[in-house]
Amino acid sequence: MKIKVDQNDEYDKLFLETKIIEQMNAHSAYRNKNYRVVNVLSQNSVKSIPLQIVDTFMGMVIFLLEQNYLESSNTAKIKSDLIYRFLIEGNNLMKFQQQIKLYKWTGHEELTFVNISDYVSPFMAYKAAYDSQEIIRIQKIMVENPAMPLKELRLKTGYPNTMKNTLIGYKDQIEGRGRNYSIL
């Protein structure tokens, strides 16, 4: 088996490739698994779509596990919106929960299964409540000023330009087109 990791000078200093081979092969032998890691390849993720996808999903999972959506920064709000938009599209929520498998090592011989739903459900509930408040606030402004251009709406709501896509998603939802209308 070959494993690919993102190219990073820090990994070389840590001898990550050697450690991965040793740890994965030790795990395989200890658990009587039928695999053997023979090579760990460093690959630039800029040139590797699969590595970019894995990195994106890992970022989403960590964001949910650490409950970063509870932060009030614009960055946290933007990431929350992107993750929420992804999860509500089609059957992505179900697939995400079924296909992401997490385990926690507690220092014992056996790994403990971590149910990703325990982290996704509070996120979805939080986002639904947060979004409802924002939609009501934006809708009031839109009712009072039905022909207001987007830029003025953005300024009136206090949204920075970096959150313009979030505002467009709310506006599309208010107008009955769906949250992801403008990005699909």
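Along each chain, numbering runs from 1 in the same order as the chain's sequence is written. Restriction of local features to residues with pLDDT of at least 70 applies here, the model being predicted, together with a cutoff of 80 or more for giving and counting side-chain atom pairs; totals for whole chains, interfaces and linings are based on all residues. The side-chain values count all of the structure's non-hydrogen atoms but skip hydrogen atoms and water molecules.

1. Details of the overall build of the protein chain
Step number 1: Secondary structure counts use DSSP, requiring at least four H or I residues in a row for a helix and at least two E residues in a row for a strand, with both numbered from the N terminus. Helices and strands together make up the secondary structure of the protein chain, namely eight helices and four strands.
Step number 2: Throughout, the radius of gyration refers to the C-alpha atoms, and the reference size of a globule is 2.2 Å times the residue count to the power 0.38. A compact globule built from 184 residues would reach a C-alpha radius of gyration of about 16 Å, whereas the protein chain, at 21 Å, exceeds it by more than 25%.
Step number 3: Reported as C-alpha extents along the three principal axes, the dimensions of the protein chain are approximately 70 × 30 × 25 Å.
Step number 4: For the exposure calls, accessible area comes from a 1.4 Å probe over protein chains only, and a residue counts as buried if that area is under 20% of its type's maximum, exposed if over 50%, partly exposed in between. Taking all 184 residues of the protein chain together, the buried fraction comes to 30%.
Step number 5: Residue contacts are counted whenever heavy atoms from the two residues lie within 4.5 Å of one another. Intrachain contacts of the protein chain at a sequence separation of at least 6 include 55% that bridge at least 24 residues.
Step number 6: Here the protein chain has roughly 12,400 Å² of accessible surface; of this, 55% comes from carbon and sulfur atoms.
Step number 7: Neither His nor the chain ends is counted toward charge; the positive residues are Lys and Arg and the negative residues Asp and Glu. Just so you know, the charge point we use is NZ for Lys, CZ for Arg, CG for Asp and CD for Glu. Each charge class in the protein chain can be summarised by its mean position, and for the 24 positive and 20 negative side chains these summaries are 4 Å apart. Using the Shrake-Rupley algorithm and a 1.4 Å probe, accessible areas are obtained, with residue cover drawn only from the displayed protein chains.

2. Points about the side chain of asparagine 25
Step number 1: Within the secondary structure, asparagine 25 sits in helix 2 (residues 16-30).
Step number 2: What qualifies as a polar contact is a pair of N or O atoms within 3.5 Å, subject to a donor-acceptor requirement within protein and to the restriction that residues adjacent in sequence count only when both atoms come from side chains. Within the structure, asparagine 25 has its side chain in polar contact with the backbone nitrogen of valine 37 (distance 2.6 Å).
Step number 3: Apart from the residues within four sequence positions on either side, asparagine 25 is in contact with Arg36 and Val37.

3. Brief notes about helix 8 (residues 164-174)
Step number 1: The complete set of buried residues in helix 8 reads Thr166, Leu167, Ile168, Gly169, Tyr170, Lys171 and Asp172.
Step number 2: Buried residues in helix 8 make contact with helix 4 (74-88), helix 6 (117-144) and helix 7 (150-157).
Step number 3: Phi turns positive, to about 80 degrees, at glycine 176, one or two residues after helix 8.

4. Examining empty space enclosed by the protein
Step number 1: Think of a 1 Å grid over just the protein atoms. A cavity is a set of points where a 1.4 Å probe fits yet cannot get out, a pocket is an open set with protein on both sides within 12 Å along at least five of seven lines, and lining residues have an atom within 4 Å of a point. Grid points are joined across faces, edges and corners, and a volume is the space filled by probe spheres set on the points. Within the structure shown, the criterion is met by one cavity of 30 Å³ or more.
Step number 2: What the largest cavity holds in volume is close to 50 Å³.
Step number 3: Every residue along the wall of the largest cavity is listed here: Tyr69, Glu71, Ala76, Lys77, Ser80, Tyr126, Lys127 and Tyr130.
Step number 4: For the lining of the largest cavity, the elements supplying multiple residues, two or more each, are helix 4 and helix 6.
Step number 5: Residue polarity follows a fixed list, in which Ala, Val, Leu, Ile, Met, Phe, Trp, Tyr, Cys and Pro are nonpolar, Asp, Glu, Lys and Arg are charged, and the others, Gly among them, are polar. Looking at the lining of the largest cavity residue by residue, the classes come out as four nonpolar, one polar and three charged.

5. Things to note about a nonpolar patch on the surface
Step number 1: Each patch is built from residues that are more than 30% exposed by relative accessible area and take part in no salt bridge. Like charges join if they lie within 9 Å; nonpolar side chains (Val, Leu, Ile, Met, Phe, Trp, Tyr) join within 5 Å. Just to be clear on terms, a salt bridge is a Lys or Arg side-chain nitrogen sitting within 4 Å of an Asp or Glu carboxyl oxygen. Taken together, Tyr103, Trp105, Leu111 and Phe113 make up a surface patch of nonpolar side chains, about 510 Å² in accessible area.
Step number 2: Its place among the elements puts tryptophan 105 in the loop between strand 3 (102-104) and strand 4 (112-114).
Step number 3: By relative accessible area, which is 61% here, tryptophan 105 ends up exposed.

These values are about where atoms sit, not about what they do.
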